[in-house]
Amino acid sequence: METQESHGLSFLESMNQDKIRHDMLEAGSQERLSPTLNPHLDIAPEVSAALAAGRPVVALESTIISHGMPYPQNVETALRVEAAIRECGAVPATIAILGGRLKAGLSADEIEHLGRSGRAVAKASRRDLALLVARKADGACTVTTTMFIAHLAGIKVFATGGIGGVHRGATESFDISADLEELSRTPVMVICAGPKAILDLGLTLEYLETKGVPVVGYGTDELPAFYTRRSGFAVDYRVDTPEELAAAFRTQLELGLGGMLVTNPIPEMYAMDPAIIDKAIAQALTEASAQGIHGKEVTPFLLARISQLTGGDSLASNIQLVLNNARLAARTAACL
Ligand code: PSU
Ligand code: MN
């Protein structure tokens, strides 16, 4: 005889199977998923109303708030990004784990809480999800977990600053961001300003190719490098309009493929001088290795140090590129 527990488990499993099948079937149609699918998920009322009505929604991550920028610029930026999405006619859904609940859509107070707590909040990757939820803990969502939760909620477009990737020296350290793996498996469009320049961009592109992730340049043939518009590496495809981005992603969904990476260059006027940023990155990397920084601490350490070394210029660029990506995401979501 089956126990109650095994009933519970197989019920959840079958719901997830149903959702996956449903998603694949409905990906191209106007029909929306029920927002109550996963029992651990809370969708903010405004977000769930927009999803139900087929209005555009843009997911936003929260590690950039807690670990990517200092307080109070982190909170100011998060709120400005939400406002920019609204101005473009879409609904923002900032994603985090609060008290063990997967949240799609945060209040201003919840954003303030994450921003003030900073690195005291767990940086939540895929491997952290079950433990944080079971312990009713808080977690700031990286690109990886934001994609995962956005997908559970039925949100298709996600804007951020930069994704994680293959770190320099990864042939020794094995430090490859879980973001790349998530892009290969979870059908969400991620709009960023390129992989962060602290990474090995060439190896990041190789990994994405292996994993079958399309890398699209928005208005460019060249992969942008986060703080700068150029990297010397070509993107797989160039797309010049939100309509074309939406059409490509719709087809990606219809084919049952995973995520799509859109790289949107930082606006020229906010881009950094390559010589200055490269020098700051090189110094920050040397310090990180001298101090034995490793694992999930690497990216927050480098971002903070680079901001110090550039007298805050890299932070100012970072804020502008996120805003730029949020606007493109809102316009693309409107076309989907
Ligand atoms: N983009 C930014 N700032 C950030 C990040 C991205 O502009 O702080 C975060 C994202 O959450 C991304 C994470 O998923 O850094 C990558 O961390 P790691 O390299 O440890 O995978
Ligand atoms: Mn890593």
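First, a word on what this report is: a plain description of the structure on this page. Fair warning: this is a prediction, and the values are worked out from it, not measured in the lab.

### Comments concerning the site of ligand 1
Part 1: What surrounds ligand 1 is a group of 18 residues, the closest being Glu61, Lys123, Ser177, Asp179 and Thr299.
Part 2: Residue Thr299 places a side-chain N or O atom 2.7 Å away from an oxygen atom belonging to ligand 1.
Part 3: Within the side chain of Asn318, one N or O atom sits 3.3 Å away from an oxygen atom of ligand 1.
Part 4: In isolation ligand 1 offers 480 Å² of accessible surface; the protein chains occlude 94% of this area.
Part 5: Residue assignment for the shell around ligand 1 shows that the elements contributing at least two residues are helix H3 (63-66) and helix H13 (298-309).
Part 6: Partitioning the shell around ligand 1 into residue classes produces 4 nonpolar, 10 polar and 4 charged.

### Some words on helix H4 (residues 73-87)
Each turn of an α-helix holds 3.6 residues, which means side chains three or four residues apart point in the same direction.
Part 1: For H4, which comprises 15 residues, the first-to-last C-alpha distance of 20 Å matches the rise-based estimate of 21 Å (1.5 Å per residue) to within 8%.
Part 2: Where H4 is concerned, the buried positions are Asn74, Val75, Thr77, Ala78, Val81, Glu82, Ala84 and Ile85.
Part 3: Backbone geometry just after H4 places Gly89 at a positive phi near 85°.

### Here we look at the packing of helix H12 (residues 274-290) against H13
Part 1: It is the contact of H12 with H13, at a shortest axis distance of 9 Å, that shows an interaxial angle of 130°. Considering their axes alone, H12 and H13 lie oblique with respect to each other. The handedness of the crossing between H12 and H13 is right-handed. Contact residues: H12 offers Ile277, Ala280, Ile281, Gln283, Ala284, Leu285, Glu287 and Ala288, while H13 offers Phe301, Leu302, Arg305, Ile306 and Leu309.
Part 2: Residue composition of the contact of H12 with H13, by class: 10 nonpolar, 1 polar and 2 charged.

### Some thoughts on the pattern of salt bridges
Part 1: Within this structure, the stated rule accounts for 12 salt bridges.
Part 2: Arg101 serves as the salt-bridge partner of Asp42, at 2.7 Å between the closest nitrogen and oxygen. Taken together, the positions of Asp42 in strand E1 (residues 41-43) and Arg101 in strand E4 (residues 101-104) put the pair 59 residues apart, joining distant regions of the chain.
Part 3: For Asp42, a relative accessible area of 23% puts it in the partly exposed group.
Part 4: In this structure, Asp240 engages Arg238 in a salt bridge whose closest nitrogen and oxygen atoms are separated by 3.0 Å.
Part 5: Relative accessible area serves as the criterion here: at 43%, Asp240 is assigned to the partly exposed category.
Part 6: The exposure class assigned to Arg238 is partly exposed, which follows from its relative accessible area of 40%.
Part 7: Three or more residues are tied together by salt bridges with common partners; here these are Asp42, Arg101 and Lys103.

### Side note on the nonpolar core
Part 1: Core analysis: the biggest nonpolar cluster contains 102 residues, and Val47, Val58, Ile155, Leu183, Leu261 and Ile306 have the highest contact counts within it.
Part 2: Here this core gets 10 residues from one element, more than from any other, and that element is helix H14 (residues 313-335).
Part 3: In this structure, Val58 is in contact with Ile85, Ala90, Val91, Pro92, Ala93, Ile155, Val157, Ala159, Ala329, Ala330 and Ala333, ignoring residues within four places of it in sequence.

### A short note on the side chain of Thr146
Part 1: For Thr146, the position within the fold is in helix H7 (residues 143-153).
Part 2: If we ignore the near neighbours within four places in the chain, the residues touching Thr146 are Ala59, Leu60, Glu61, Ser62, Ile95, Cys141 and Phe158.

### Some words on the pairing of strand E8 (residues 189-192)
Part 1: Going residue by residue along E8, you find Met189 and Ile191 tucked away on one face and Val190 and Cys192 tucked away on the opposite face as well.
Part 2: Where E8 lies against strand E11 (residues 260-263), 4 bridges are found, and the strand directions are parallel. Pairing of Val190 across the sheet is with Leu261, part of E11.

The rules behind each value
- Residues numbered from 1 in each chain as written.
- Chains lettered and ligands numbered in written order.
- Predicted model: local features only at pLDDT ≥ 70, side-chain atom pairs only at ≥ 80, totals over all residues.
- Heavy atoms only, no water.
- Near = heavy atom within 4 Å.
- Polar contact = N/O pair within 3.5 Å; in protein donor to acceptor, adjacent residues only side chain to side chain.
- Areas by Shrake-Rupley, 256 points an atom, 1.4 Å probe, with all protein chains shown as cover.
- Helix = DSSP H or I, 4+ residues; strand = E, 2+ residues; numbered from the N terminus.
- Nonpolar A, V, L, I, M, F, W, Y, C, P; charged D, E, K, R; others polar.
- Expected span 1.5 Å × (residues − 1).
- Buried < 20%, exposed > 50% of the residue type's maximum accessible area, 1.4 Å probe, protein only.
- Axes fitted to C-alpha atoms, helices over the stretch in contact; angles between N-to-C directions.
- Parallel < 35°, antiparallel > 145°, perpendicular 65-115°, else oblique.
- Left-handed = near helix turned anticlockwise from the far one by under 90°.
- Contact = heavy atoms within 4.5 Å.
- Salt bridge = Lys/Arg side-chain N within 4 Å of Asp/Glu carboxyl O.
- Core = buried A, V, L, I, M, F, W, Y, C linked by side-chain atoms within 4.5 Å.
- Pairing = 2+ DSSP bridges.

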